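Listed below, chain by chain, are the residues.
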Amino acid sequence: MMHEISYPFAVGRIKSLEKNLLDATVWQQLTDANNENTMLKILKEHGYGSQSEDYKSVSKVVASEMKVVDHEIKSLSPDPVLTNLFYLNEDAYNLKLLLKGRLLKRDVTKLLHPSGVVPLNSLMEAFINEKWNELPVSIESVIKQSLELQDPFEISVKVDKAILSIIRETLIHHRNRLIENYFIVRFDANNILAMIRGNALRWTSSKINSLLVPGGSIEMKMIERAIGKSDDQLSQYVSSGSNRFAYRRIVENYAEDHQLSNVEKRLDDFAFSIIHEQKNDSFGIGPVVNYLLQKRREASSIRIIAAKK
Amino acid sequence: MTQGIIIAAFGAAICALLSGIGSAVGVQIAGQAAAGVTSDQPDLFGKVLVLQALPGTQGIYGFLLAVLILVQTGLISGNPHSITVMQGWAYFASALPIAIVGLLSGIAQGKTAAAAIHMTGKDPDSSAKGITMTALVETYAILALLASILILFSI
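Residues numbered from 1 in each chain as written. Chains lettered and ligands numbered in written order. Predicted model: local features only at pLDDT ≥ 70, side-chain atom pairs only at ≥ 80, totals over all residues. Heavy atoms only, no water.

Participant: How should the overall build of chain B be read in this particular structure?
Facilitator: Along chain B, the regular secondary structure elements total five helices and zero strands. Mapped in sequence order, the helices and strands of chain B form the string α-α-α-α-α. Seen through its C-alpha atoms, chain B measures out along the principal axes to roughly 60 × 25 × 20 Å. For chain B, long-range pairs separated by at least 24 residues make up 83% of all intrachain contacts whose partners lie at least 6 apart in sequence. Just so you have it, chain B exposes about 7,100 Å², and 75% of that area is on carbon and sulfur atoms. If you average the places of the 4 positive and of the 5 negative side-chain charges in chain B, the two averages end up 7 Å apart. (Helix = DSSP H or I, 4+ residues; strand = E, 2+ residues; numbered from the N terminus. Contact = heavy atoms within 4.5 Å. Areas by Shrake-Rupley, 256 points an atom, 1.4 Å probe, with all protein chains shown as cover. Lys, Arg positive; Asp, Glu negative; His and termini not counted. Charge placed at Lys NZ, Arg CZ, Asp CG, Glu CD.)

Participant: Help me understand the confidence of the model for chain B in this model?
Facilitator: Interpretation of this model should avoid reading the predicted coordinates in detail wherever pLDDT is low. All names here are of chain B. The predicted model of chain B has a mean per-residue pLDDT of 96, with 100% of residues at 70 or higher. Within chain B, no element has a lower average pLDDT than helix H2 (residues 45-53), which sits at 95, and none a higher one than helix H3 (residues 57-72), at 97. Reported confidence for the predicted complex is 0.82 by ipTM and 0.88 by pTM. (pLDDT = per-residue confidence, 0-100.)

Participant: Can you help me understand unusual backbone geometry in this one?
Facilitator: Among all residues save glycine, negative phi is the norm, and among peptide bonds the norm is trans. Residues and elements named next belong to chain A. Backbone geometry places Lys 105, a non-glycine residue, at a positive phi of 55°. The residue Lys 105 is located in the loop between helix H6 (88-104) and helix H7 (120-129) in this model. Note on Lys 105: relative accessible area 74%, which makes it exposed. (Buried < 20%, exposed > 50% of the residue type's maximum accessible area, 1.4 Å probe, protein only.)

Participant: For this particular structure, what's the right way to read the packing of aromatic side chains?
Facilitator: Any aromatic ring pair is given by two values, namely how distant the centres are and how the planes are angled relative to each other. Residues and elements named next belong to chain A. This structure, assessed with the given rule, holds seven aromatic pairs over all chains. Ring centres 5.1 Å apart and planes at 40° place the aromatic pair Phe 86 and Tyr 182 in the tilted group. Linking Phe 86 in the loop between helix H5 (80-84) and H6 with Tyr 182 in helix H10 (residues 177-200), this pair joins segments that are 96 residues apart in sequence. On the basis of relative accessible area, Phe 86 is assigned to the buried category, the value being 4%. On the basis of an interplanar angle of 85° and a centroid distance of 5.0 Å, the ring pair of Tyr 182 and Phe 183 is categorised as edge-to-face. For the pair Tyr 182 and Phe 183, a shared accessibility class is recorded, and that class is buried. (Phe/Tyr/Trp six-rings, centres within 6.5 Å; stacked < 30°, edge-to-face > 60°.)

This is the structure in structure tokens:
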């Protein structure tokens, strides 16, 4: 059965919503604000987080705004299978928390993220009753694979890899060139970061290998060869595939500044640029995903500015 | 009624039919975009309505040519002229430019109108630019209509 929402309608609505994105003037005002209260005033003036009941903390206002955005995207998406892929990270976060909470016998319910694909109530109920069969098969499988693990790090690795595997499988059966290209960068980013982080922390090659995921444009054997190499040698191991010039530049920059957070940001910017290029496609998923990612980046920037006050 | 008249009648039907389908699809595409924009900005209804209406002209052109064929062949008055099979095919041929171009340009114009409506949704002041861009697609429907009329009146 065809989904009832068409791309022209969804993109029309997104274009109207895009008008509410914070512009350069507002960003300057937020940066110049003396404290969090001034930031809240500026955000309120521009209608940011207008649905928030509690306008006393920036983090709550941001959470309220993102709740509205998530609801909008989920109700508006002409292809929910594709847009749901962008919420699987929240599911991964929730699963890791719940599995680690179960392992360490801690209550983590207050820390859970509300916008995953799996409704929070179903997820919490499944963990309380230890009954997984009412969850989606793919999520049930992730949980079953992780139940016996005793090391929180291993749980994180297992869940992250399983979620990336769900994304890869979904894209095999539900093809979309733009979303495929985006997630190829995400898979590559996972592997590049594992390589750099592993080398920086002098992890064993088996530990680094356990973090690698297939599906990227860089061959995994190239990443494996880079293990143990010095920072200025790393760029030659990412110089394959269609995104080689971007990866090479990012890894070369890392060899100069040695800041892992900068690598993460640059890879994230590169992945975002793939979606951003398609923001004006009136008949594709690009504008919908672009809006979601822009709102997430906006939320993240507001939180960073607030944290510095 | 001669065989030539039946072929000419098919020509009249096909130009109204195909260009009408082109317009209907084009207006539908633009209408979906307009609905998306006005669901959040109802005040833009007037601006997006003009854009939504633009792909509707192909249907009018097809209908116009159908009426002209019916007039030329006497079908509209109920007293069809006696025309040969070759003349019938000539009337049919006159219908083809607007029929085919009307179908394709109606859909193409609908897509352009949708993009222009999206542009208007983000920047309401740019609606005039959107109308100009969308109207350019119209050029080819007008040329096709002219070709159809020239063929029709040279029979």
